[in-house]
Amino acid sequence: MSFISSIEDVGEYALLLKKVLTIPDRMSEFMKEFMKGVFFLGVNSIWIVVIISFFIGAVIVLQIALNIDSPMLPRFTVGVVSREIILLEFSSTIMCLILAGKVGSNVASEIGTMRITEQIDALDIMGVNSANYLIFPKIASFVAFMPVLVVFSMFTGLSGGYIICLVLGTPSVETYVYGIQAFFRESFIWYSIFKSMLFGFIIASVAAYFGYTAKGGALEVGQASTNSVVINSVLILVCDLVFTQLALG
Amino acid sequence: MIEVKNLRKEFDGEVVLDNINASFQNGMVNMIIGKSGSGKTVLLKCLVGLMAPTSGDIRYDGRNFVGLKSKEVRRLRRDIGMLFQGAALFDSRTVLENVMFPLDMFSRKNRRERKKRAEFCLERVNLLEAAHLYPSEISGGMKKRAAIARAIALNPKYLFCDEPNSGLDPKTSQLIDELIFDLTKDFSMTTIVVSHDMNSVINIGDKVIFINEGVKEWEGNKSEVMGTDNEKLNDFVFASDLFKKIKEAEEEKG
């Protein structure tokens, strides 16, 4: 039963996307909603991205410095490994898992509340394509803003490592800076940005699906919000595995 | 005119509406009445396309609404205004922005003209002074009036009202009823009101349809409602002590 309902959910999600990904009725209204999405979903997420990235970046460097104590490995390895972790996985995947909680629950509860208070019915009655009007700007704005969040995350994550080196002195700041530049591949940044844009699409669209199909009352909106976070997290992890194998494997 | 032919609606095999036939005339307030759970809101949702009927036809001026493509449905819906039970105003927009919304989406007029039209609609429902307020800052009656202003912004041919008086005091209810009646006459709309409030029926109902357990039980005008010999309708109408006493007083008068 649960398997069948999962298949039904996938079908409903695909049908919803078909309604969402169409040309907006009014481009000026789309742009208004797009800019709102940039601010509420993107700009409002910068602070959490910066705080988490800074501290995790610092902890990654600290952990690696403490655990790599072999005289066979040069100390700049700390910088190299920290950079690869931050660039390849932390700033895209782990950050998106966090954003699935913040942005995903926000989108699901906003659209879910509109559903149960008949605001979406009101849009439909007016002849507006409610799915397109409500969901498309959110997906577009979040996906478009994702590279900014990823770059912020990379920068503050590496800065966190820099500060910890400055405070503890092991490895030295010079060694760390040398490490984060050594064997650098620019393609990893593009890989990370592209991956996070894909995750951004998943986060916004899946959360919107759960909100749009919410039925009942406040309790169901809460459930929709929780479900969106859980499903988004699982999808991000699975897609990360597949994407990593396809892109780098 | 809206015509309904052999309409049937089932949910998981359970029949909620069965063989509904009715016609709703232009320039008239058509009331659909019945007990809670009788199927009247489902009928309204079928009429506006929020629910697909299991079988039957719904014709808007001869054009069958059932089976239209989604683009055609959306085009037809621009002729429809609807007042929801909870008003369904957009929380993030002011009252004026709510009324301007359908105009922003579909009107070809410039912004100044759209604003003028929205203000005209708000003035018509006597709510211009609350134009700058958000829905959370106004009362239930004001929300209903704002929702009516939004519903008439695009000059609809058809107006649907779902329980317009629910949660309102008698005085405000009467105000909303009169507003619906006046707008129907002024703009010659086909208005369909779902209600279980007998005061509304007596105040504004040009035509009355009584739904009982998913079946159309009775049809007539408001003057016939009080004198009907339909047992189920009598049960419904005279469930209220006030109406019982009015009837007794009329019978005593002879």
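Note: the structure precedes this text.
In short, a report on the structure.

What counts and how
- Residues numbered from 1 in each chain as written.
- Chains lettered and ligands numbered in written order.
- Predicted model: local features only at pLDDT ≥ 70, side-chain atom pairs only at ≥ 80, totals over all residues.
- Contact = placed C-beta atoms within 7 Å.
- Helix = DSSP H or I, 4+ residues; strand = E, 2+ residues; numbered from the N terminus.
- Nonpolar A, V, L, I, M, F, W, Y, C, P; charged D, E, K, R; others polar.
- Pairing = 2+ DSSP bridges.
- Core = buried A, V, L, I, M, F, W, Y, C linked by C-beta atoms within 7 Å.
- Buried ≥ 20, exposed ≤ 12 C-beta atoms within 10 Å, placed from the backbone.
- Axes fitted to C-alpha atoms, helices over the stretch in contact; angles between N-to-C directions.

## Things to note about the interface of chain B and chain A
Much of the literature gives interface size as the accessible area that the parts lose upon coming together.
Then comes step 1: Opposite the 16 residues of chain B that make contact, chain A presents 14 residues.
Then comes step 2: For the side of chain B that touches chain A, the elements supplying multiple residues, two or more each, are helix H2 (70–77), strand S6 (80–83) and helix H3 (95–106) of chain B.
Then comes step 3: Ranked by residue count, the leading element in the side of chain B that touches chain A is H3(B), at four residues.
Then comes step 4: Of the residues in the side of chain B that touches chain A, the class split is ten nonpolar, one polar and five charged.

## Observations regarding the pairing of strand S9 (residues 207–212) of chain B
Residue and element names in this part refer to chain B.
Then comes step 1: With four bridges joining them, strand S3 (residues 29–33) and S9 adopt parallel strand pairing. The residue of S9 that forms the bridge with isoleucine 32 is isoleucine 209.
Then comes step 2: The pairing of S9 with strand S10 (residues 215–220) spans five bridges and is antiparallel. By the bridge assignment, phenylalanine 210 is partnered in S10 with tryptophan 218.
Then comes step 3: Between S9 and S10, which pair antiparallel in sequence order, lie two residues; one of them, glutamate 213, sits at a positive phi of approximately 50 degrees.

## Brief notes about the nonpolar core
Then comes step 1: Counting residues in hydrophobic clusters, the biggest one holds 138 residues, and the most contacted among them are A:Ile203, B:Val99, B:Leu122, B:Ala149 and B:Phe160.
Then comes step 2: A total of 17 residues in this core trace back to one element, the largest contributor, which is helix H6 (residues 130–168) of chain A.
Then comes step 3: Those residues in contact with B:Leu122 that lie beyond four places of it in its chain are B:Val95, B:Leu96, B:Val99, B:Leu127, B:Leu128, B:Ala131 and B:Ala149.

## Considering the sheet that holds S10(B)
Residue and element names in this part refer to chain B.
Then comes step 1: In space, the six strands of this open sheet follow the order S6-S7-S8-S3-S9-S10, with mixed pairing throughout. Edge positions in the sheet fall to S6 and S10, since each has one partner strand and no second. Here the average twist between neighbouring strands, direction ignored, is 20 degrees.

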